[in-house]
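Structural characterization, general
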Amino acid sequence: MRVTRIGRGLPAVLGLLATLIANPVAAEPAPASVAAARPGEPAPSRPVPAAPPVPEPSARKSSPVEWVRTLQLLQDRVAAGSLAAHESQPVLIARINADLLNAPPEVWADRHNLRSAITFALSGGGPAILRNLTARDGIGEPESTLARGALAYIEGREAEANRLLRDVATADLPPTLAAAVGLTQASLTVTENPIRAITLLDDVRLLLPGTLAEEGALRREIFALGQLGNLKKFEALAIQYLRRFPHSIYAGNFRQRLAYQLTQFDVGRDEERFAVLNRILSELGPESRRILYLLIARTAIQEGKTASALLAADKALALCAPGSPGAMQGRLYRAAAEIVDLTTFQSGLQALRTLDRSKLTASDIGLLDTALSMAEEIGRGLTGRPGLPEADIATTKPAQAVSNSAGEPASLIPKAQATIDRIDLLLSKASP
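Residues numbered from 1 in each chain as written. Predicted model: local features only at pLDDT ≥ 70, side-chain atom pairs only at ≥ 80, totals over all residues. Heavy atoms only, no water.

Let us now look at the overall build of the protein chain. When helices and strands are tallied, the protein chain shows 21 helices and 0 strands. A burial count over the protein chain gives 50% of its 432 residues as buried. If you take every contact in the protein chain between residues at least 6 apart in sequence, the share linking residues at least 24 apart comes to 67%. Counting every atom, the protein chain has about 19700 Å² of accessible surface; 53% of that belongs to carbon and sulfur. (Helix = DSSP H or I, 4+ residues; strand = E, 2+ residues; numbered from the N terminus. Buried < 20%, exposed > 50% of the residue type's maximum accessible area, 1.4 Å probe, protein only. Contact = heavy atoms within 4.5 Å. Areas by Shrake-Rupley, 256 points an atom, 1.4 Å probe, with all protein chains shown as cover.)

Moving on, we come to the pattern of salt bridges. In the structure shown here, the tally under the stated rule is 19 salt bridges. Of the charged contacts in the structure, one is a salt bridge between R205 and D202, with a shortest N-O distance of 2.6 Å. On the criterion of helical spacing, the pair formed by R205 and D202 is a turn pair, its members being 3 residues apart in helix α10 (residues 194-207). Taken individually, R205 and D202 each receive the classification buried, so the pair is uniform in this respect. E235 is paired through a salt bridge with R279; the nearest N and O atoms lie 2.6 Å apart. You can see E235 sitting in helix α12 (residues 231-244) and its partner R279 sitting in helix α14 (residues 271-281), a full 44 residues away along the chain. Judged by relative accessible area, which is 40%, R279 ranks as partly exposed. (Salt bridge = Lys/Arg side-chain N within 4 Å of Asp/Glu carboxyl O.)

Remark: the centre distance and the inter-plane angle together describe each pair of aromatic rings, the angle taken between the planes. Overall, the coordinates contain 4 aromatic pairs when judged by the stated rule. The interplanar angle of 40 degrees and the centroid separation of 5.9 Å between the aromatic rings of Y241 and F245 together place this pair among those described as tilted. On the basis of relative accessible area, F245 is assigned to the buried category, the value being 5%. Aromatic rings pair up to connect F223, Y241, F245 and F254 into one cluster. Above the plane of the ring of F223 lies R257, whose end atom (NZ or CZ) is 4.0 Å from the centre. (Phe/Tyr/Trp six-rings, centres within 6.5 Å; stacked < 30°, edge-to-face > 60°. Lys NZ or Arg CZ within 6 Å of the ring centre and 35° of its normal.)

What follows covers the confidence of the model for the protein chain. Confidence in the prediction of the protein chain, expressed as mean pLDDT, is 79, and 74% of residues score 70 or more. Contacts from residues 385-414, a stretch scored under 50 in pLDDT, to residues over four places away or in other chains number 33 contacts. Residue range residues 426-432 is modelled with pLDDT below 50. Its contacts to residues more than four positions away, or to other chains, number 9 contacts. (pLDDT = per-residue confidence, 0-100.)

Moving on, we get to the nonpolar core. One broad rule of soluble globular proteins: the nonpolar side chains tend to lie buried together. F234, L262, I280, L281 and L352 are the most contacted members of the largest nonpolar core, which totals 63 residues. It is helix α15 (residues 286-302) that contributes the most residues to this core, 8 residues altogether. Apart from residues lying up to four places away in sequence, F234 is in contact with I222, L225, G226, L258, Q261, L262, F265 and I280. (Core = buried A, V, L, I, M, F, W, Y, C linked by side-chain atoms within 4.5 Å.)

The next subject is unusual backbone geometry. Apart from glycine, the bulk of residues carry a negative phi angle, and the bulk of peptide bonds sit in the trans form. E141 connects to P142 through a cis peptide bond whose omega is 5 degrees. The phi dihedral of D266 falls on the positive side, at around 55 degrees, and the residue is not glycine. With respect to the helices and strands, D266 occurs in the loop between α13 (251-264) and α14.

Attention now goes to the layout of surface pockets. Of the voids in this model, the largest pocket is the one considered here, and its volume is about 580 Å³. Contributing to the lining of the largest pocket are 27 residues, with Q75, L122, S123, L183 and L212 lying nearest its centre. Counting only elements with at least two residues in the lining of the largest pocket, the list comes to α3 (64-79), α5 (111-125), α7 (143-154), α9 (175-189) and α11 (212-228). With 6 residues, α11 is the single largest residue contributor to the lining of the largest pocket. Tallied by class, the residues present in the lining of the largest pocket amount to 11 nonpolar, 11 polar and 5 charged. (1 Å grid on protein atoms, 1.4 Å probe; cavity = no way out; pocket = protein on both sides within 12 Å on 5 of 7 lines; lining within 4 Å. Points joined across faces, edges and corners; volume = space filled by probe spheres on them. Nonpolar A, V, L, I, M, F, W, Y, C, P; charged D, E, K, R; others polar.)

Between its terminal C-alpha atoms α3 stretches 23 Å, which fits the 22 Å expected from 16 residues at 1.5 Å a residue. In terms of burial, α3 is a largely internal element, 12 of the 16 residues being buried. By the burial criterion, the buried members of α3 are P64, W67, V68, T70, L71, Q72, L74, Q75, D76, R77, V78 and A79. Of the residues flanking the end of α3, it is G81, one or two places downstream, whose phi is positive at about 105 degrees. (Expected span 1.5 Å × (residues − 1).)

For the rest of this paragraph, the subject is the side chain of S88. Summarising the element assignment, S88 is placed in helix α4 (residues 83-101). For S88, the side chain forms a polar contact with the main-chain oxygen of A84, separated by 2.9 Å. (Polar contact = N/O pair within 3.5 Å; in protein donor to acceptor, adjacent residues only side chain to side chain.)

Let us look at the packing of α5 against α7. It is the contact of α5 with α7, at a shortest axis distance of 10 Å, that shows an interaxial angle of 15 degrees. With respect to α7, the axis of α5 lies roughly parallel. Crossing of α5 over α7 shows left-handed handedness. The residues of α7 that touch α5, namely those facing R111, L114, R115, I118, A121 and L122, are E143, L146, A147, A150, Y153 and I154. When its residues are assigned to classes, the contact of α5 with α7 shows 9 nonpolar, no polar and 3 charged. (Axes fitted to C-alpha atoms, helices over the stretch in contact; angles between N-to-C directions. Parallel < 35°, antiparallel > 145°, perpendicular 65-115°, else oblique. Left-handed = near helix turned anticlockwise from the far one by under 90°.)

A separate point is the environment of I239. The topology assignment puts I239 in helix α12. For I239, a relative accessible area of 13% translates into the label buried. Residues I239 and E283, spaced 44 residues apart in sequence, show a C-alpha to C-alpha distance of 6.7 Å. Residues contacting I239, with those up to four places away along its chain left out, are R279, I280 and E283.

This part covers α5. Relative to the 21 Å expected for 15 residues at 1.5 Å per residue, α5 spans just 18 Å between its end C-alpha atoms, considerably shorter than the ideal helical length. The element α5 is largely enclosed, with a buried count of 12 among its 15 residues. Among all positions of α5, only N113, L114, R115, S116, A117, I118, T119, F120, A121, L122, S123 and G125 are buried. Turning to α5, the residues buried within the fold contact α3, α4, α6 (128-134), α7 and α9. Among the residues of α5, the N-terminal cap falls to D110, whose side-chain oxygen and the backbone nitrogen of H112 are separated by 2.8 Å. Backbone geometry just downstream of α5 places G126 in the positive-phi region, at approximately 90 degrees.

Here you go:
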């Protein structure tokens, strides 16, 4: 078999891979996460140290099996947190894709090469090689069905992909292809049948521990459990993810989604649910915990979960230096939650009025302005009622304030909720 351009075109990338394998990524003081970003803003990339000189690889790769294995090794370093591996990945994929497309016909007589090409396509390689393979005659089973199903999935034809792939027995496939197909099957079924998706993702995690496949399966399974409301297993796997993949390139996105899912669980509803939140976040360092509590508080305001917002804001404030930007954010989120309850309305309004805008992000300034507008609207509704002087606002019970004659404006709590809906719209526009 002739050596194609992979040997000539990838010295730098393969050399980088050799360096990464010889020198594993060191543990970093803080995970790759939202820990360097404020809630509502994208997590910035971590500083990347200067790369050492890259040696030329001593051997050339000579088959699709080895080429795809090279890609998987690189992707495993992505799961370990290597930004250099992440940035090298598109170059390597492009080179492998070109070499697969230019491989001589006899290469595809070997089913191992066919399976590697399908794995490559499902691992970020794209549809080109699958279009090439599915146009050929003589490809046996199950490779023909797998190639057609994978191509349908990559091209967005999900119904066809599901028809072709749903009954594929991954136990009969080599681990790397089985994991790629299992992840695809789970993605195709998670909305309609999350229980089956969870079973498939469990299998993937067991197939390739410590790899990007396990990292991806773990992330997806956690949110499938959230869809089912399975808080106990959700907690166990969230803790497992934070322990096993704290530096993954995808950890920042995971934590933002984690904050949203915890808010959907309404963790402020009772002590047991809030204890779940605290146990999950105890896996993080103080700085990361502070940022995630702030993110949860902000997300809870967006979702109208005031109890969760108050509890998360208090936990964040306990980790903030007085007068710091983080403390200003925590005070903002707490006050925004307080003004929708008439028993805490006055203290919330006063807190909003004393915040230092210079220490808030642009999106938080927008939240502050919206909260002040809502508070002023509520205040006008209270002071405009006959027999309810302004001095009584702070001590009026919610039931007394809402109790009205038929001719009065709508009750204050639904109006406050409507304003929270406007905050939701504001945040969705401000968020990336």
